[in-house]
Amino acid sequence: MKSALICQLLLAALAALASDTNLIAPGARLEKLAGDFVFTEGPAADGRGNIFFTDQPNDRILKWSIDDQLSIFLQPSGRANGLCFDAAGNLWICADAKNELWRLPPDGKPVVVLRDYEGKRFNGPNDLWISSNGDIYFTDPYYQRKYWDRGGKEMAECVYYLKRGAGPARRVIGDLQQPNGLIGTPDGRTLYVADIAAKTTYRYQIEASGDLSGKRLFCREGSDGMTLDDRGNVYLTGKGVMVYAASGEKIKQIDVPEPWVGNVCFGGPDGRSLFITASKGLYRLRMAVRGVNSQ
């Protein structure tokens, strides 16, 4: 029994070491692409590798193009927070101004998909992940905003599911203190969800019905945002970027010269650039691995 446990620990350590090998491209250094924002969030890559991210207090979505040009994409943006593209090129937006979930079609206008759950206003959709079949999961933590004309929260802070991106929403997690960052695996079988208040991240099995089962502790660290690479490593954010192997072992700390990292995603023409939204700046780090959740 004891020898079996030792073997398991050795295998986990070897897996973590293998995941860390050449994680960052040789000679690559963190580069600051743009700054002077108020608070950046929600990076998402489109099909070409362009990066879209939010400057929430300034109520705008910005675009960092594959030819390294910065532009304003949408303003006002509903106080956009988390963003995600689906396979059809629609940009899904956690619109915090009125606690809604939006869909922005290519060359179209934003459409409000959700604004409440069983007649009660959402706390503030924060982050979302879209599976390859179009199913959507999003977190709904409560963060009091100065620009709200509403009272306190009307319901618990939960995680919701939309089958093929269509309402009504179904509550699938209701036992976390403050769910925030989340990401799913490309095969659609596993969902990682961070409880930022409890400083923990959990792993769930995604059922055919969209329900979640088999809740397991992944690591004792919370996260504001998440992404995955093609080795199965999970990237968490907060005080820098923390990279965990699929085993739950921490394998890399990427320090960023800002007080807080809100979110992270892979992008660029080949999906091998890690884009980091960190308080007032947008950063990029060239990687040896590739992101798996960029469209």
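The present account deals with the structure reproduced in this document. (Residues numbered from 1 in each chain as written. Predicted model: local features only at pLDDT ≥ 70, side-chain atom pairs only at ≥ 80, totals over all residues. Heavy atoms only, no water.)

1. Here's the deal with the environment of Leu74
Next, step 1: Relative to the helices and strands, Leu74 is located in strand β5 (residues 70-74).
Next, step 2: A relative accessible area of 17% places Leu74 in the buried class.
Next, step 3: Measuring from C-alpha to C-alpha, the distance between Leu74 and Leu191 comes to 29 Å, with 117 residues separating the pair along the chain.
Next, step 4: Apart from residues lying up to four places away in sequence, Leu74 is in contact with Asp59, Arg60, Ile61, Ile93, Leu104 and Pro110. (Helix = DSSP H or I, 4+ residues; strand = E, 2+ residues; numbered from the N terminus. Buried < 20%, exposed > 50% of the residue type's maximum accessible area, 1.4 Å probe, protein only. Contact = heavy atoms within 4.5 Å.)

2. Here's the deal with the layout of surface pockets
Next, step 1: Taken as a whole, the largest pocket encloses approximately 150 Å³ of empty space.
Next, step 2: Ser131, Asn133, Asp135, Gly188 and Ile206 are, among the 15 residues lining the largest pocket, the residues nearest its centre.
Next, step 3: Its residues assigned to classes, the lining of the largest pocket comprises 6 nonpolar, 6 polar and 3 charged. (1 Å grid on protein atoms, 1.4 Å probe; cavity = no way out; pocket = protein on both sides within 12 Å on 5 of 7 lines; lining within 4 Å. Points joined across faces, edges and corners; volume = space filled by probe spheres on them. Nonpolar A, V, L, I, M, F, W, Y, C, P; charged D, E, K, R; others polar.)

3. Focus: the sheet that holds β5
Next, step 1: Ordered by their spatial adjacency, 4 strands build an open sheet running β2-β3-β4-β5, and the pairing between neighbours is antiparallel. Of all strands in the sheet, those bounded by a partner on one side alone are β2 (40-45) and β5. Across the sheet, the mean angle separating the axes of adjacent strands is 30° when strand polarity is ignored. (Pairing = 2+ DSSP bridges. Axes fitted to C-alpha atoms, helices over the stretch in contact; angles between N-to-C directions.)

4. Quick word on the packing of aromatic side chains
Next, step 1: Applying the stated criterion to the full structure yields 13 aromatic pairs.
Next, step 2: For the pair Phe138 and Tyr160, a centre-to-centre distance of 5.4 Å together with 20° between the ring planes defines the contact as stacked. On the criterion of sequence distance, the pair formed by Phe138 in strand β13 (residues 136-140) and Tyr160 in strand β14 (residues 158-162) is long-range, its members being 22 residues apart. Across the pair, Tyr160 and Phe138 agree in class, each one buried.
Next, step 3: Ring plane angle 70° and centroid distance 4.9 Å describe the contact between Tyr192 and Phe218, whose orientation is recorded as edge-to-face. On the criterion of sequence distance, the pair formed by Tyr192 in strand β17 (residues 190-195) and Phe218 in strand β19 (residues 212-219) is long-range, its members being 26 residues apart.
Next, step 4: Among the residues examined, Tyr192 registers a relative accessible area of 4% and is labelled buried.
Next, step 5: With relative accessibility at 5%, the residue Phe218 sits in the buried group.
Next, step 6: One aromatic cluster is present, formed by Tyr117, Phe122, Phe138 and Tyr160 through successive ring pairs.
Next, step 7: Stacked on the ring of Trp148, the Lys or Arg Arg150 has its end atom at 5.0 Å from the ring centre. (Phe/Tyr/Trp six-rings, centres within 6.5 Å; stacked < 30°, edge-to-face > 60°. Lys NZ or Arg CZ within 6 Å of the ring centre and 35° of its normal.)

5. Examining the sheet that holds strand β7 (residues 91-95)
Next, step 1: One open sheet accounts for 4 strands, arranged β6-β7-β8-β9; its pairing is antiparallel. Looking at strand neighbours, the two that pair on one side only are β6 (80-85) and β9 (111-114), the edges of this open sheet. Across the sheet, the mean angle separating the axes of adjacent strands is 30° when strand polarity is ignored.
Next, step 2: As judged from the 5 bridges shared by β7 and strand β8 (residues 100-104), these two strands associate in the antiparallel manner. Bridge assignment links Ile93 to a residue of β8, and that residue is Trp102.

6. Let's talk about the environment of Asp255
Next, step 1: Along the chain, Asp255 falls in the loop between β23 (250-254) and β24 (263-267).
Next, step 2: Residue classification places Asp255 among the exposed positions, given a relative accessible area of 60%.
Next, step 3: Of note is the side chain of Asp255, whose polar atom sits 3.3 Å from the side chain of Gln253. (Polar contact = N/O pair within 3.5 Å; in protein donor to acceptor, adjacent residues only side chain to side chain.)

7. So, the pairing of strand β16 (residues 179-184)
Next, step 1: Extensive coverage of β16 is indicated by the burial of 6 of its 6 residues.
Next, step 2: Where β16 lies against β17, 4 bridges are found, and the strand directions are antiparallel. Looking across to β17, one finds that Gly184 is bridged to Leu191.
Next, step 3: Where β16 folds back onto β17 in an antiparallel hairpin, the turn is made up of 5 residues, including Gly188, whose phi is positive at roughly 70°.

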